[in-house]
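Breakdown of the fold
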Amino acid sequence: MRRILLSAIKVLVSAALLFIALRKANFSDLASRIDVASLGWIGLAIGVTFLQIFVGVLRWRIVSTECGAPLATRQAMRFNVIGTFFNQTLPSSIGGDAVRLWLVARGGAGWRAATYSIFVDRAIGLIALAVIIVASLPWSYNLIGDPYGRSALLLVDLAALAGGAGFLLLGVLPWPWLKRWWGTHHIHACAVIANRVIFSRRSGPMIAALSLLVHVLAVVIAWCVVQSIAAPVAFGQIFQLIPPVMLITMLPISIAGWGVREATMGLAFGYAGLMTNEGINISLLYGAVSFIVGAFGGLVWIFSAEKAAQGAVPIEVPE
């Protein structure tokens, strides 16, 4: 009953925010700006999305190995693509992570190692995103003249950065009870792994480069969408606006980020002195690109061995 209630709340949140955002959208104008060239840019955005998934795979493989759940590149890519499908269909923006966890655990890694690999990978991505936003703050402040917009940007980023720093700090604190108490045992273990991966001379630079590239590619996807409708937005403006929007969209309060992304994008464009409806248009097309990639992931899932094995004898996995 609680799960049904939470799912219903997320549906309502998505619907309410979409309703509010779409009141400012002009669909006839958007449709008139889509032509053959637009489809080429959308196709490029889809291609860059697959590249982004692959870059995420390379980072996840490093993390999963440290967690005791090593993955082959092809296997990890398949799991991530399948995850994009469930990100679009499950009532959460992180539904794909739950499915990836299940796939890794079912493959023999065990629930603990699988959970650690997903959690640490997500945490590193969040920290990298917060760092990018902090690094671009001087330019963002020039772009966003509204004091409320500046305050909101600073508050959101500081919260993400503080959460990431607190998580890493937890892994270096010498208090023995952190390892024993049920409330901190697993989080502490994940923090130790994250510190080992990030600050390692061997894996640290690669993790940093891959993490930053994932978020830069998100900006490139948005830029392709901008080009597809010839929106009057510069690349630098997209680079400053997309990371904070993506950070807020990561909150698991809606269906695949729908509604939250559109409302946040429209608000961000308004604060930056740009046309609100253009922000909503870009967000809708960005979501459409994600949906198309997710549909491809659905096909991969339908024809996967894991899907075929459902209902068969359960695969035993270690704890």
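About the thresholds
- Residues numbered from 1 in each chain as written.
- Predicted model: local features only at pLDDT ≥ 70, side-chain atom pairs only at ≥ 80, totals over all residues.
- Heavy atoms only, no water.
- Helix = DSSP H or I, 4+ residues; strand = E, 2+ residues; numbered from the N terminus.
- Buried < 20%, exposed > 50% of the residue type's maximum accessible area, 1.4 Å probe, protein only.
- Contact = heavy atoms within 4.5 Å.
- Areas by Shrake-Rupley, 256 points an atom, 1.4 Å probe, with all protein chains shown as cover.
- Disulfide = S-S within 2.5 Å.
- Patch = residues over 30% accessible without salt bridge, like charges linked within 9 Å, V, L, I, M, F, W, Y side chains within 5 Å.
- Salt bridge = Lys/Arg side-chain N within 4 Å of Asp/Glu carboxyl O.
- Core = buried A, V, L, I, M, F, W, Y, C linked by side-chain atoms within 4.5 Å.
- Axes fitted to C-alpha atoms, helices over the stretch in contact; angles between N-to-C directions.
- Left-handed = near helix turned anticlockwise from the far one by under 90°.
- Nonpolar A, V, L, I, M, F, W, Y, C, P; charged D, E, K, R; others polar.
- Phe/Tyr/Trp six-rings, centres within 6.5 Å; stacked < 30°, edge-to-face > 60°.
- Lys NZ or Arg CZ within 6 Å of the ring centre and 35° of its normal.
- pLDDT = per-residue confidence, 0-100.

**Side note on the overall build of the chain**
Within the chain one finds 15 helices and zero strands. The buried share among the 319 residues of the chain stands at 47%. Within the chain, residue pairs in contact and separated by at least 24 positions form 71% of the contacts whose partners lie at least 6 positions apart. If you sum the accessible surface of the chain, you get close to 15500 Å²; carbon and sulfur atoms cover 72% of it.

**Digging into the state of the cysteines**
In protein chemistry, a disulfide is the covalent bond that joins the sulfur atoms of two cysteines. Overall, the coordinates contain zero disulfides when judged by the stated rule. Free of any disulfide, cysteine 190 has its nearest cysteine sulfur in cysteine 67, 6.7 Å distant.

**Digging into a nonpolar patch on the surface**
A contiguous nonpolar patch, built from Trp175, Trp177, Trp181 and Trp182 and spanning about 570 Å² of accessible area, is present on the exposed surface. By secondary structure assignment, the location of tryptophan 175 is in the loop between helix H8 (147-170) and helix H9 (177-180).

**A word on the nonpolar core**
Side chains of nonpolar character tend, in soluble globular proteins, to be buried together. Val233, Ile238, Leu241, Ile242, Phe269, Ile282 and Val289 are the most contacted members of the largest nonpolar core, which totals 45 residues. For this core, the secondary-structure elements that each account for two or more residues are helix H3 (36-66), helix H6 (111-135), helix H7 (137-143), H8, helix H11 (204-228), helix H12 (235-249), helix H13 (260-271) and helix H14 (276-302). In terms of residue count, the dominant contributor to this core is H11 (10 residues). When residues no more than four places from it in sequence are discounted, the contact partners of isoleucine 282 are Ala222, Val225, Val226, Ile229, Ala231, Val233, Ile238, Met265 and Phe269.

**Details of the packing of helix H5 (residues 95-109) against H6**
Remark: H5 packs on H6, axes separated minimally by 8 Å, with the N-to-C direction vectors making an angle of 145°. The handedness of the crossing between H5 and H6 is right-handed. Along its contact with H5, which presents Asp97, Arg100, Leu101, Trp102, Val104, Ala105 and Ala109, the element H6 presents Trp111, Ala113, Ala114, Thr115, Ile118, Asp121 and Arg122. Within the contact of H5 with H6, the residues separate by chemical class into nine nonpolar, one polar and four charged.

**Observations regarding the packing of aromatic side chains**
This model, assessed by the stated rule, comprises 10 aromatic pairs. Taken together, a centroid distance of 5.3 Å and an interplanar angle of 85° make the contact between phenylalanine 50 and phenylalanine 296 edge-to-face. Of this pair, phenylalanine 50 sits in helix H3 while phenylalanine 296 sits in helix H14, and the two are 246 residues apart along the sequence. Note on phenylalanine 50: relative accessible area 22%, which makes it partly exposed. The class of phenylalanine 296 is partly exposed, set by a relative accessible area of 43%. Seen from their ring centres, phenylalanine 119 and phenylalanine 167 are 5.7 Å apart, and the 65° between their planes marks the pair as edge-to-face. Here phenylalanine 119 is found in helix H6, whereas its partner phenylalanine 167 is found in helix H8, with 48 residues between them in sequence. On the accessibility criterion, phenylalanine 119 (38% relative accessible area) is partly exposed. Classification of phenylalanine 167 as buried rests on a relative accessible area of 10%. Over the ring of tryptophan 60 we find arginine 100, and its NZ or CZ is 4.5 Å from the ring centre.

**Structural notes on the confidence of the model for the chain**
Chain-level statistics for the chain give a pLDDT mean of 85 and a share of 87% at 70 or above. In this model residues 313-319 is a low-confidence stretch, pLDDT under 50, and it forms 12 contacts with partners more than four residues away in sequence or in other chains.

**Remarks on the pattern of salt bridges**
Counted by the stated rule, this structure contains seven salt bridges. Between arginine 33 and glutamate 278 there is a salt bridge; the shortest N-O distance is 3.0 Å. One end of the pair, arginine 33, is in the loop between helix H2 (27-32) and H3; the other, glutamate 278, is in helix H14, and 245 residues separate them in sequence. One salt bridge connects arginine 122 with aspartate 97, and the closest N-O pair in it is separated by 2.5 Å. Of this pair, arginine 122 sits in helix H6 while aspartate 97 sits in helix H5, and the two are 25 residues apart along the sequence. Taking the relative accessible area as the measure of exposure, arginine 122 reaches 28% and is therefore partly exposed. One network of salt bridges, with partners in common, ties together Glu66, Arg196 and Arg202.

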